[in-house]
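Observations on chain architecture
Listed below, chain by chain, are the residues.
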Amino acid sequence: MNQWTLLALEAAQSCKDSLLELQGNLPSMHDPIVDRALAMCLEIERHSEEWAPTRLHRWLGFVFGVMAARNIITISEQSALMRSLLIPYPEHPDLELADHHNPRVPFQLDFGGSE
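Computed from a predicted model, the values in this text were never measured in an experiment. (Residues numbered from 1 in each chain as written. Predicted model: local features only at pLDDT ≥ 70, side-chain atom pairs only at ≥ 80, totals over all residues. Heavy atoms only, no water.)

Here we look at the packing of helix 2 (residues 32-47) against helix 3 (residues 53-69)
Condition: Whenever a helix is involved, its axis is fitted only over the stretch in contact; in every case the axis is a line through C-alpha atoms, and angles between N-to-C directions fall within 0 to 180 degrees. Helix and strand labels come from DSSP, where a helix needs a run of H or I of at least four residues and a strand needs a run of E of at least two; each type is numbered from the N terminus. Any angle between 65 and 115 degrees counts as roughly perpendicular, while under 35 counts as roughly parallel, over 145 as roughly antiparallel, and the rest as oblique. In this scheme, a crossing is called left-handed if the near helix is turned counterclockwise away from the far one by less than a right angle; it is called right-handed if the turn is clockwise. Between two residues, a contact is recorded if the distance between any of their heavy atoms is within 4.5 Å. Note on residue categories: nonpolar means Ala, Val, Leu, Ile, Met, Phe, Trp, Tyr, Cys or Pro, charged means Asp, Glu, Lys or Arg, and polar means any other residue, Gly included.
Closest axis-to-axis distance for the helix 2/helix 3 pair is 9 Å, and the angle between their directions is 150°. Here helix 2 lies roughly antiparallel to helix 3, going by the angle between them. Crossing hand, helix 2 versus helix 3: left-handed. Contacts from Ile33, Val34, Arg36, Ala37, Met40, Cys41, Glu43 and Ile44 of helix 2 reach helix 3 at Leu56, Trp59, Leu60, Phe62, Val63 and Val66. Here the contact of helix 2 with helix 3 is composed, by residue class, of 12 nonpolar, no polar and two charged.

What follows is the structure in structure tokens.
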């Protein structure tokens, strides 16, 4: 698993734990969108090895949006969570991007396959 997949997996597990705790503390509160966010966390865990990291992070973005909209977690808390999760995953140069990037023209990428 690459570092971005592992990061998404850890974030999904953290969100899942928060959502399960909320449901345990407020069993009378039934919110279908929160249930959907929880189900998405479970799907991220289940499919993390086969799905692309971009898909995992899109789903995680939806979960974070639900949690913020329902005041389960603030944007500042989300940011702190992601920063804490990033510590074991230092950023590495994107070698694929470097192969197609011209530093003399910073806003031009060569996608290949066309003349």
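Some thoughts on the pattern of salt bridges
Put simply, the rule reads: Think of a salt bridge as a Lys or Arg side-chain nitrogen and an Asp or Glu carboxyl oxygen that are within 4 Å of each other. Residue burial is assigned from relative accessible area. The probe radius is 1.4 Å, only protein chains are included, and a residue is buried under 20% of its type maximum, exposed over 50%, and partly exposed in between.
Scanning the model with the defined rule gives three salt bridges in all. Residue Arg70 is joined to Asp31 by a salt bridge in which the shortest nitrogen-to-oxygen separation is 2.5 Å. Taken together, the positions of Arg70 in the loop between helix 3 and helix 4 (75-86) and Asp31 in the loop between helix 1 (3-25) and helix 2 put the pair 39 residues apart, joining distant regions of the chain. Judged by relative accessible area, which is 14%, Asp31 ranks as buried.

So, to be careful, I would describe these as geometric facts and stop short of saying anything about function.
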